[in-house]
Amino acid sequence: MEEKITGSEILIRALADNGVECMFGYPGGQIMPVYDKIFENPYGLRHYLARHEQGAIHAAEGYARATGRTGVVITTSGPGAMNLLTGLADALMDSTPLVAISGQVGCGMLGKDAFQESDVISSVLPVTKWALQVRRPEDIAPAISRAFYIANSGRPGPVVIDLARDAQIGMAVYEKQSQPFIRSYDSDPQPEKETIEKAARLINESQRPLVLAGHGVMISGAEKNLAELAEKADLPVGCTMLGLSALPSDHPQYVGMLGMHGNLGPNINTNRADLIVAVGMRFDDRVTGDVKKYAPDARIIHIDIDASEFDKMIKCDLHVHSDAGKALAALLPLVETGSHKEWRASFDQHRRVEEDRVMARELGCASEKRGMLMGGVIRKVCEAFGNDAVIVTDVGQNQMFAVKYSRFTRTRSLISSGGLGTMGYGLPAAIGAKIGVPDRTVVLFCGDGGLQMTIEELGMIMEYNVGVKIVLLNNNFLGNVRQWQHLFYKGRYSCTPMVNPDFRMLAGAYGIEASDVADISQLDAAIAEMRDSRGAYLLNVNIDETDMVFPMTPGGNGVDEILLNESEYYKPV
């Protein structure tokens with residue numbers, strides 16, 4: 001008879017058997033038996049100690065987004081588990097596969113307000129795909145097997161396993177699990193032949209088609225299928241923010257980013273198209289603008305693995321319930337070779353206006369006032385790394401400028417908090433991404449506000465020598481809120497100016513190379529120094545506080561009602 005082992009060792013063996021190589025976490029009283037087994041480390045798992053549980057889960061998100069594998073985070077009960085909630089909500093909205101393991105008090109103390117007890121399951125249910133409390137050691141391996149299956153199948157998302165102390169210290173025989181079968185869970189819906197044929201006919205008949213590519217394209221590994229379909233039928237492709245890098249930025253079919261701060265061409269032509277093919281995206285309100293004004297002349301095909309997204313925001317003409325890769329592969333032989341030369345040329349017309357009226361000033365870097373401009377700084381940094389870095393952003397103006405002015409040459413090259421818009425996401429996510437893809441350059445663009453929300457994770461960089469390049473776009477403001485206050489609140493900058501520390505000295509305290517750039521004359525040399533540095537680097541760039549992100553579709557506007565600057569709407573010919 002096989003020897004019994006503790007539930008904590010069962011957990012570590014189950015993680016190893018599910019392909020886990022590394023995990024992020026923070027120990028505490030009710031997860032200590034598990035950490036005792038991590039100390040022994042008989043299965044070679046690497047553990048990265050974050051400085052806060054929120055940092056740990058964002059690092060796990062960055063790892064998952066960079067690699068496509070399931071991120072793992074471990075924490076203790078009570079405050080430790082509660083500190084995961086923001087990351088769980090972020091991962092759910094952005095379809096990021098995570099398994100979060102929390103410690104819990106012993107079964108005899110459940111519901112008695114014991115020290116550091118919280119009702120984890122009730123708390124996390126709204127922000128997870130699945131959550132389970134485990135009270136017996138023999139239930140750990142099946143729970144972990146099911147957790148990984150649910151987290152990274154279908155539409156990926158976060159799963160929580162709450163481990164009572166009894167389960168961690170109890171004894172049981174470990175049994176390696178096969179892939180679970182869940183009767184009510186269809187993780188791989190197949191595209192229906194009739195629906196695919198209808199979709200192909202709509203594409204073949206269209207004169208002004210537009211593909212909207214979302215994050216689901218990369219989740220399903222459908223980048224090649226998307227490119228082949230777009231090339232064969234001559235379809236212009238716009239990307240959501242999280243869909244960026246699904247096609248290279250210089251691909252002839254790529255026409256720009258969609259959304260509130262997206263490019264003029266895809267936003268204007270959304271409302272001129274006669275067919276929209278939405279692939280692996282969910283019609284987020286930042287993409288649609290006023291839904292009553294959205295795509296009035298278009299038939300709409302929606303391809304998504306998550307049927308709950310159908311008609312949630314936009315009423316569509318055809319639903320393809322399937323993995324994006326399988327749907328596009330099925331469409332490819334049925335779609336005719338097409339030519340939409342004049343239609344695609346209209347995107348170029350809008351692009352030239354945007355380049356002349358908006359981007360030219362930003363790319364000049366230097367403003368008429370104090371400091372540099374974000375767009376130009378970002379473009380210079382990206383070019384210094386051959387436009388081949390994994391770009392990670394925090395949230396705010398730094399995010400919008402980064403996604404607009406970066407260029408991408410290969411897939412999975414943008415990691416950002418989309419649906420939840422989580423400030424503080426950037427630094428730990430960049431650390432997790434670099435750990436996940438150590439052979440790629442990882443560049444973080446962040447603002448002074450977001451960086452300070454999780455700045456303690458510089459400790460993780462110091463301890464594990466994680467070579468993230470940090471570009472701090474420092475305007476001494478909560479810049480995105482300031483922009484809205486300037487445009488819509490009569491310039492009443494309530495609680496947005498920031499008195500900041502000396503970031504270069506802070507970086508130095510963590511053993512991280514750093515430099516300050518106060519003037520554009522210093523910028524190129526500082527970027528080159530960061531590029532050539534062997535490890536982590538923080539480049540603190542003085543940004544003009546009045547710099548604002550344009551184009552912009554203000555809230556409540558139609559997607560084609562776009563500001564070119566703070567007072568002028570775009571009026572296309």
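The coordinates are above.
Sequence order sets the numbering: in each chain, residues are counted from 1 along the sequence as written. Side-chain atom pairs in this predicted model are given and counted only at pLDDT of 80 or more, local residue features only at pLDDT of at least 70, and totals for whole chains, interfaces and linings cover all residues. Values shown for side chains rest on all heavy atoms present in the structure; no hydrogens or waters enter the calculation.

(A) Representation of the overall build of the chain in the model. Numbered from the N terminus, helices here are DSSP runs of H or I no shorter than four residues, and strands are runs of E no shorter than two. Counting secondary structure elements, the chain contains 23 helices and 20 strands. Within these notes, the globule rule equals 2.2 Å times the number of residues to the 0.38 power, and the radius of gyration is based on C-alpha atoms. Relative to the 2.2 N^0.38 estimate, which gives 25 Å for 573 residues, the radius of gyration of the chain is 24 Å and therefore close to what a compact globule would have. Principal-axis analysis of the C-alpha atoms places the extent of the chain at approximately 80 × 60 × 40 Å. Relative to its full complement of 573 residues, the chain shows a buried share of 60%. The long-range fraction of contacts in the chain, counting pairs at least 24 apart against all pairs at least 6 apart in sequence, stands at 76%. What sets the accessible areas is the Shrake-Rupley method with a 1.4 Å probe; for residues, cover comes only from the shown protein chains. Total accessible area on the chain is roughly 22600 Å²; 49% of this is exposed by carbon and sulfur atoms. Across the chain, the mean location of the 55 positive side-chain charges is 2 Å away from that of the 71 negative side-chain charges. Exposure classes here rest on a 1.4 Å probe applied to the protein chains alone. A residue is buried below 20% of its type maximum, exposed above 50%, and partly exposed in between. It only takes one pair of heavy atoms within 4.5 Å for two residues to be counted as in contact. His residues and chain termini do not enter the charge count, which takes Lys and Arg as positive and Asp and Glu as negative. Taken as the charge centre is NZ of Lys, CZ of Arg, CG of Asp or CD of Glu, depending on the residue.

(B) Region of the structure containing the pattern of salt bridges. Put simply, a salt bridge is a Lys or Arg side-chain nitrogen that is within 4 Å of an Asp or Glu carboxyl oxygen. Inspection of the entire model under this criterion finds 25 salt bridges. A salt bridge links Arg282 to Asp284; the nearest nitrogen and oxygen atoms lie 3.3 Å apart. As a salt-bridge pair, Glu355 and Arg351 come within 3.1 Å of each other at their nearest N and O atoms. Here Arg351 and Glu355 lie together in helix α15 (residues 341-363), a separation of 4 residues that amounts to about one turn. Note on Arg351: relative accessible area 38%, which makes it partly exposed. Several salt bridges converge on common partners, so that one network encompasses Arg155, Asp306, Glu309 and Lys312.

(C) View of helix α23 (residues 523-532). Residues of α23 that are buried include every one of Leu523, Ala526, Ile527 and Met530, and no others. The arc that holds every buried residue of α23, seen down its axis, measures 100 degrees, which confines them to one face. Along α23, the residues that are exposed and aim more than 90 degrees away from the buried face are Ala525 and Asp532. Contact partners of the buried residues in α23: α16 (374-384), β18 (469-474), β19 (513-517) and β20 (537-542). Starting at the helix axis, one direction is taken to each C-beta atom, and the arc is that of these directions.

(D) How the structure looks around the packing of aromatic side chains. Pairing of aromatic rings covers Phe, Tyr and Trp, the last through its six-membered ring, and needs centres within 6.5 Å; plane angles under 30 degrees mean stacked, over 60 mean edge-to-face, and all others mean tilted. Overall, the coordinates contain 9 aromatic pairs when judged by the stated rule. Taken together, a centroid distance of 5.2 Å and an interplanar angle of 80 degrees make the contact between Trp343 and Phe347 edge-to-face. Separated by 4 residues within a single helix, Trp343 and Phe347 lie in helix α15, roughly one turn from each other. Taken individually, Trp343 and Phe347 each receive the classification buried, so the pair is uniform in this respect. Put simply, the rings of Phe24, Tyr48, Tyr63 and Tyr464 pair up and form one aromatic cluster. Should the NZ of a Lys or the CZ of an Arg lie within 6 Å of a ring centre and within 35 degrees of the ring normal, that charge is described as sitting over the ring. Its end group placed over the ring of Phe477, Arg482 keeps NZ or CZ at 5.1 Å from the ring centre.

(E) Representation of the pairing of strand β3 (residues 46-49) within the structure. We treat two strands as partners when DSSP finds at least two bridges between them. Inspection of the sheet shows strand β2 (residues 22-26) paired to β3 by 4 bridges, in the parallel sense. Counterpart to Met23 in the pairing with β3 is His47. If the strands point away from the viewer and the path from the first strand over the helix to the second runs clockwise, then the crossover is right-handed. Read as a crossover between parallel neighbours, the route from β2 over helix α2 (residues 32-40) to β3 is right-handed.

(F) Geometry of the sheet that holds β20. Pairing is parallel in the open sheet, where 6 strands are placed in the order β16-β15-β17-β18-β20-β19. Looking at which strands have only one partner, the edges of the open sheet turn out to be β16 (414-415) and β19. Here 5 bridges tie strand β17 (residues 442-447) to β18, and the two strands are oriented parallel to one another. Directly across from Gly447, in β18, lies its bridge partner Leu473. Sitting on the sheet, helix α17 (residues 397-405) touches β15 (390-393), β16, β17 and β18, and the angle it makes with β17 is about 140 degrees. Here the axes come from fitting lines to C-alpha atoms, over the contacting stretch only for helices, and the angles between their N-to-C directions go from 0 to 180 degrees.

(G) The arrangement of helix α11 (residues 223-233) in detail. Among the residues of α11, those classed as buried are Glu223, Asn225, Leu226, Ala227, Leu229, Ala230 and Ala233. Contacts from the buried residues of α11 go to α9 (193-205), β9 (209-213), α10 (215-219), β10 (237-239) and α14 (324-331). Positive phi appears at Asp234, one or two residues downstream of α11, with a value of about 55 degrees.

(H) The packing of helix α1 (residues 7-17) against helix α7 (residues 140-151), seen in detail. Two elements in contact, α1 and α7, have axes separated by 9 Å at closest approach and are oriented at 30 degrees. In terms of orientation, α1 lies roughly parallel with respect to α7. Read as a crossing pair, α1 and α7 show a hand that is right-handed. Only Ile140, Ala141, Ile144 and Phe148 of α7 make contact with α1, whose side of the interface consists of Gly7, Ile10, Leu11, Ala14 and Leu15. Here the term charged refers only to Asp, Glu, Lys and Arg, the term nonpolar to Ala, Val, Leu, Ile, Met, Phe, Trp, Tyr, Cys and Pro, and the term polar to all other amino acids, Gly among them. When grouped by side-chain class, the residues that make up the contact of α1 with α7 number 8 nonpolar, 1 polar and no charged. Roughly parallel means an angle under 35 degrees; roughly antiparallel means over 145; roughly perpendicular covers 65 to 115; every other angle is labelled oblique. By definition, any crossing whose near helix is turned counterclockwise from its far helix by less than a right angle is left-handed, and any crossing with a clockwise turn is right-handed.

(I) Highlighting unusual backbone geometry. Between Phe550 and Pro551 the backbone carries a cis peptide bond, its omega angle lying at 0 degrees. Here Pro551 lies in the segment after β20. In this model, Asn476 sits at a positive phi of 55 degrees, which is unusual for a non-glycine residue. Checked against the element boundaries, Asn476 lands in the loop between β18 and α21 (479-488). What makes Asn476 partly exposed here is its relative accessible area of 25%.

(J) View of the environment of Gly157. As for its position among the elements, Gly157 is in the loop between α7 and β7 (158-164). Between the C-alpha atom of Gly157 and that of Lys129, which follows or precedes it by 28 residues, the distance is 5.9 Å. Residues in contact with Gly157, not counting those within four places in the same chain, are Ala91, Thr96, Pro97, Leu98, Lys129 and Ala151.

(K) Focus on the nonpolar core. For the purposes of this section, nonpolar cores are sets of buried Ala, Val, Leu, Ile, Met, Phe, Trp, Tyr and Cys residues that join through side-chain atoms within 4.5 Å. Core analysis: the biggest nonpolar cluster contains 82 residues, and Ile301, Leu331, Val377 and Phe445 have the highest contact counts within it. With residues up to four places along the chain from it excluded, the contact list for Phe445 reads Ile378, Val381, Cys382, Ile391, Val392, Thr393, Asp394, Asn398, Ala402, Ser406, Val471 and Leu473. Among the nonpolar cores identified, the runner-up in size contains 53 residues, and Ala89, Val124, Leu472 and Leu538 belong to it.

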